[in-house]
Amino acid sequence: MNDGARLAAADRSARVRHADRAARFVADAGQTDWHDAVLWRIRGKRDAAAGRVEGWERLRALASEIKEHTLSRLDEYLAAFEEAATANGAQVHWAADADAHNRIVRDVLRARGVRRVVKSKSMLTEECGLNPYLEARGFEVVDTDLGERIVQLREEPPSHLVAPAIHVRKEEIAALFHEKLGTPADADDPRLLAAAMREDLRARFLAADAAITGVNFAVASTGALVLVTNEGNADLGAHLAPAHIACMGIEKLIPKPEHLGVFLRLLARSATGQPLSVYTSYFCRPPPGRELHIVLVDNGRSRRLAQPDFRAALKCIRCGACLNTCPVYRRSGGHSYGATPSGPIGAILAPGMDMKRYASLPFASSLCGSCSDVCPVKIDIHAQLHRWRQVAAREGYVAWPKRWGMRVAGWIVRSPRRYRLAGRLARAWLRHAPRRLRYGSWNAWGRARELPRVPDRSFGEWYAAERGKK
Amino acid sequence: MNRKRRQNALGRAEHRTRNGARAAILEAVRRARPRAAPLPLVAGVQDTAGDAELVARFMASAQAASATVRMVEAGSVEAAVREAFPGAASIASATPAWSFEQANPADEASALARLDVLVCPGAFGVAENGAVWLAESGMGSRAAPFLAQHLVLALDRSAIVPDMHAACDRLKTFGEGYGAFVAGPSKTADIEQTLVIGAHGPRSLTVLLT
């Protein structure tokens, strides 16, 4: 193992402390406000787009029911898809976990003598750590979505499902492109920066030996893959390289083409407010003389399918709407989650992959439920966040002040007498204890805020006094 | 064991583990299956607007997706393209009906990347989002509509369906290897959410309604 890989492994095994990471993000107040506002604007566009569709709620219900049906017969649909895709001339591979997935991709590339790989956006390959795996084995891997390319050049993970570089300012991108692409030093016009990347990546598309893409939907009855982009990068990669490797989680299946219409009407509207993304590509057969490999990946999905409390997360179509609406995500940034995907959906997916590492994520929420309200496939995200908290507590992943605090609070509220006494003591203490004590390190809430004014008496005392007047 | 036999044995072992992975995944999924949930009928969500509005709605949607839409006579597609791109050095099409350069699957990608304008026949349009379905047979080669600097799609105005439900119903009988819905020119908003037209694919999209 080289140093980079060792560091990466150490980083992966460390616990993610969402609050600490969020503190680093909010240290830059200007950037936090911008991030908050720009994502809220996308949420607004989503609302406007949804509002223009008659029967939007019925569409959401349909999408949810289609996914639930597919999951309830997933083994049959997987076998049907494999048969249809194989008949179309694709080669279908099965990977039980991330390691198997990475080895399969490596073997396909090696068998073809590939050196240069172009990639389009795939959350699955992020989940499997494919890029570092391939780079350590001598392959040149280039992400081609503009935002993905920016974070790849910055050597960091994407921070948002749909807008991977939403956390980066254009001045930083200008400096990065000046260094990597030779753009003028102060040129930060997005059009100029995007044009420079277009030129750079065109040459790479034309020279690539293989293309790796994700998959948005796989149609079981026809064996077709559906890929959605705005930039056209997935198509350029897949059509120009001699081999196309499409990597997908086993939950991406839908039964028939007619079901595609339901999801396509929801996906882009929920993601960006567009009625449809620019390119929705339907791959049935590889062209003559070309190879199409499809890697079906489990990596914990069958385990999740067996969990009634958490299986609904498998319905996710990766639109990012729950990120844009989340008051915590908007103000803490995607990197505070230490997981891909980030945001509310990441906070219910990641603990299922590695509870020890991601136990803090279900707590990165106000449980307001906005994520569930905008989810196009009606995943009960906030309810799952709450259930993951209970799992975290049961398995001992909650810090002792909270654990004991909850235990004491539970003891107090079980008795009206103890409750009234505790209230009187707390009011007296809050009024008379020195500020240094009231705002000690234990008071995370008070770090950035003033505690509310302490009332003279409880509602119960006031009510009793008012009644006594009559 | 000589080297070749050892490699064959390794290959067989590898094959077994792959087959093993398939069986193990399918078995794990089968065991985890939730209670059967019925497949709903896709009903009650279809667009019911009358045919009369389809062309107008398609035009508005395509324009909102940054496409240019023009009404032309069926016989004047070539003239409209040359008028729209007076400075174009190279204009190609995969359809012999038009007098442009002939695009075909054997075209070198590097040559396609220098192509100024590609003109393709669209199979049908979608009113709700301004998308045009483009089948592989109308592209020349699959990469051509993504490599050309500008894309022109000619679409029969009577071939516009109301929504994606009607559009995806048509995919049931689609027999070609590849096709794509194209809604506007390629674009990105990855730098501070600023819209930039012409990301990796065409810098403009023109739809000619015949």
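Residues numbered from 1 in each chain as written. Chains lettered and ligands numbered in written order. Predicted model: local features only at pLDDT ≥ 70, side-chain atom pairs only at ≥ 80, totals over all residues.

Viewed as axis vectors pointing N to C, helix α13 (residues 257–271) of chain A and helix α6 (residues 164–171) of chain B meet at an angle of 145°, and their least axial separation amounts to 7 Å. Between α13 of chain A and α6 of chain B lies a crossing of right-handed hand. Taking contact as the criterion, the partners of P257, E258, L260, G261, L264 and R265 of chain A in α13 of chain A are, on α6 of chain B, M164, H165, A167, C168, D169 and L171 of chain B. (Axes fitted to C-alpha atoms, helices over the stretch in contact; angles between N-to-C directions. Helix = DSSP H or I, 4+ residues; strand = E, 2+ residues; numbered from the N terminus. Left-handed = near helix turned anticlockwise from the far one by under 90°. Contact = placed C-beta atoms within 7 Å.)

Further remarks concern the domain arrangement of chain B. Entries for chain B in the domain assignment read domain 1 (1–39) and domain 2 (51–209). When each unit is reduced to the centre of its C-alpha atoms, the spacing between domain 1 of chain B and domain 2 of chain B is 43 Å. (Domains from an automatic or database assignment.)

Let us now look at the pairing of strand β7 (residues 243–249) of chain A. All names here are of chain A. Most of β7 sits out of view: seven of its seven residues are buried. Both faces of β7 are covered, namely the face carrying A243, I245, C247 and G249 and the face carrying H244, A246 and M248. Sheet analysis places strand β4 (residues 210–213) next to β7, joined by four bridges and oriented parallel. Residue A210 lies in a different strand from β7, and its bridge partner there is A243. As judged from the seven bridges shared by β7 and strand β10 (residues 291–297), these two strands associate in the parallel manner. (Buried ≥ 20, exposed ≤ 12 C-beta atoms within 10 Å, placed from the backbone. Pairing = 2+ DSSP bridges.)

Turning our eyes to something else, we now look at the sheet that holds strand β12 (residues 204–209) of chain B. Residue and element names in this part refer to chain B. One open sheet accounts for six strands, arranged β1-β12-β7-β4-β2-β3; its pairing is parallel. Strands with a single pairing partner mark the edges of an open sheet, and in this sheet they are β1 (68–71) and β3 (101–102). Here strand β4 (residues 117–121) pairs with strand β7 (residues 150–155) via five bridges, running parallel. Paired with V119 across the bridge in β7 is V152. Contacts between helix α3 (residues 77–84) and the sheet are confined to β1, β2 (91–93), β4, β7 and β12, with β12 contributing the most and set at about 150° to the helix.

Between its terminal C-alpha atoms helix α22 (residues 416–432) of chain A stretches 24 Å, which fits the 24 Å expected from 17 residues at 1.5 Å a residue. The buried count for α22 of chain A comes to zero of 17 residues, which makes it a mostly uncovered element. (Expected span 1.5 Å × (residues − 1).)

Take the environment of A80 of chain B next. Residues and elements named next belong to chain B. Tracing the chain through its elements places A80 in helix α3. Here A80 falls in the partly exposed class, since 19 other C-beta atoms lie within 10 Å of it. Distance in space between the C-alpha atoms of A80 and R70 is 8.8 Å, their sequence separation being 10 residues. If we skip the residues at most four places from it in the chain, A80 touches R70, V72 and L208.

Now for the packing of helix α4 (residues 56–72) of chain A against α13 of chain A. All names here are of chain A. Between α4 and α13, whose axes approach to 10 Å, the crossing angle comes to 125°. Taken together, the axis directions place α4 and α13 in an arrangement best described as oblique. Between α4 and α13 the crossing geometry is left-handed. Of the residues in α13, those in contact with L59, R60, L62, A63 and I66 of α4 are H259, V262, F263, R265 and L266. Across the contact of α4 with α13, the residue classes tally to seven nonpolar, one polar and two charged. (Parallel < 35°, antiparallel > 145°, perpendicular 65-115°, else oblique. Nonpolar A, V, L, I, M, F, W, Y, C, P; charged D, E, K, R; others polar.)

To continue, consider the domain arrangement of chain A. On domain assignment, one finds that chain A holds domain 1 (11–52 + 321–398), domain 2 (68–299) and domain 3 (400–469). Each of domain 2 of chain A and domain 3 of chain A was reduced to a C-alpha centroid, and the two centroids are 53 Å apart.

With that out of the way, let us pick up the environment of R457 of chain A. All names here are of chain A. Tracing the sequence through the fold places R457 in the loop between α23 (435–438) and α24 (459–469). Residue R457 is classed as partly exposed on the basis of its 13 C-beta neighbours within 10 Å. As a C-alpha pair, R457 and R427 span 30 residues in sequence and 7.9 Å in three-dimensional space.

Counting residues at the interface gives 70 residues for chain A, matched by 58 residues for chain B. Of the residues forming the side of chain A that touches chain B, the biggest block, nine residues, is contributed by α4 of chain A. Class assignment for the residues of the side of chain A that touches chain B results in 40 nonpolar, 14 polar and 16 charged. Two strands pair when backbone bridges link them, and strand β9 (residues 279–283) of chain A and strand β9 (residues 178–182) of chain B are joined in this way by five bridges, in the antiparallel orientation. Looking at β9 of chain B, one finds that S281 of chain A is bridged to A180 of chain B.

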